[in-house]
Amino acid sequence: MLTPEPFRSFFQDIDRRWESAREEKLRLRVIGSAALMLQTDYVRGTKDSDILETTELAAVDKNRLLELAGAGSRVAQRHRMYLEIVSSGLPFLPLSPHWHPLPELNPLLKHLTIEVLDVVDVVVSKLKRFSASDLDDVRAMTEKGLVEHRRLIERFQSAVDVYGGDARADDLPKYVRNLHRVERDHLGVPETEIELPAWVLED
């Protein structure tokens, strides 16, 4: 899968402007709709390329990335897209998210290496907010046959296990309802009973 030209030019521009004395490349992990467009033939308008914050993304690197390619930067204006740094605790993700490198793009970059979140994990993450655009993304992935039901349930349950240990568990019933909508309306399968922590109240 060739990296779409807008994204390739965007990351190459950041890479050219990046200054680092380190030998290893800085790993950037892309989530959201951008991750879908970078690994499938899916295309839809987007204003950003979200990056999941990782432990190796030090504060100095985060600040430099936002300076180079955040909203309002020259790179953002030139390519009409920008980077956002997303706190690792915000996305609804399985315990061990699956990441895929971009073998066509990464050899072109000197300082950066790009990884994208797996399609099914992206779909799981979108069941949290589940806006109209999120639903469009999920529908497109199911129509392309990229969302295997059994795997979706496994990854969703793993994300439930992550959220179930703290205050975020209160929102889980809503995510389950969103999952059931995808099962019914887009996968054409019966709703799956999801095991939630005993203290979570169904609303």
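Residues numbered from 1 in each chain as written. Predicted model: local features only at pLDDT ≥ 70, side-chain atom pairs only at ≥ 80, totals over all residues. Heavy atoms only, no water.

A. Spotlight on the pairing of strand 2 (residues 48-52). For strand 2, the tally of buried residues reaches five of five residues, placing the bulk of the element in the interior. Here strand 2 shows two buried faces, one formed by D48, D50 and L52 and the other by S49 and I51. Pairing of strand 2 with strand 3 (residues 82-86) involves five bridges; the strand directions are parallel. Its bridge partner being in strand 3, S49 is matched across the sheet by L83. (Buried < 20%, exposed > 50% of the residue type's maximum accessible area, 1.4 Å probe, protein only. Helix = DSSP H or I, 4+ residues; strand = E, 2+ residues; numbered from the N terminus. Pairing = 2+ DSSP bridges.)

B. Highlighting the pattern of salt bridges. Counted according to the given criterion, the structure contains 20 salt bridges. In this structure, E148 engages R150 in a salt bridge whose closest nitrogen and oxygen atoms are separated by 4.0 Å. A relative accessible area of 41% means that E148 is categorised as partly exposed. (Salt bridge = Lys/Arg side-chain N within 4 Å of Asp/Glu carboxyl O.)

C. Quick look at the packing of aromatic side chains. Taken as a whole and assessed by the stated rule, the structure comprises five aromatic pairs. For the pair F92 and F156, a centre-to-centre distance of 5.5 Å together with 70 degrees between the ring planes defines the contact as edge-to-face. Of the two residues, F92 sits in the loop between strand 3 and strand 4 (99-101) while F156 sits in helix 7 (residues 149-163), which places them 64 residues apart along the sequence. You'll find F92 and F156 in the same group, each marked buried. Centre to centre, the rings of F92 and Y163 are 5.0 Å apart; their planes meet at 85 degrees, and the pair counts as edge-to-face. Of this pair, F92 sits in the loop between strand 3 and strand 4 while Y163 is found in helix 7, placing the two residues 71 residues apart along the sequence. Judged by relative accessible area, F92 falls into the buried class, the value being 0%. For Y163, a relative accessible area of 1% gives the class buried. Joined through ring pairs, the aromatic side chains of F92, F156, Y163 and Y175 make up one cluster. Looking at R168, its charged tip hangs above the ring of Y163, at a distance of 3.9 Å from the centre. (Phe/Tyr/Trp six-rings, centres within 6.5 Å; stacked < 30°, edge-to-face > 60°. Lys NZ or Arg CZ within 6 Å of the ring centre and 35° of its normal.)

D. Up close: the layout of surface pockets. What the largest pocket holds in volume is close to 520 Å³. Along the wall of the largest pocket there are 22 residues; nearest its centre are G32, D50, K126, R129 and D134. For the lining of the largest pocket, the element with the most residues is helix 5 (residues 119-129), which contributes four residues. Across the lining of the largest pocket, the residue classes break down as seven nonpolar, five polar and ten charged. (1 Å grid on protein atoms, 1.4 Å probe; cavity = no way out; pocket = protein on both sides within 12 Å on 5 of 7 lines; lining within 4 Å. Points joined across faces, edges and corners; volume = space filled by probe spheres on them. Nonpolar A, V, L, I, M, F, W, Y, C, P; charged D, E, K, R; others polar.)

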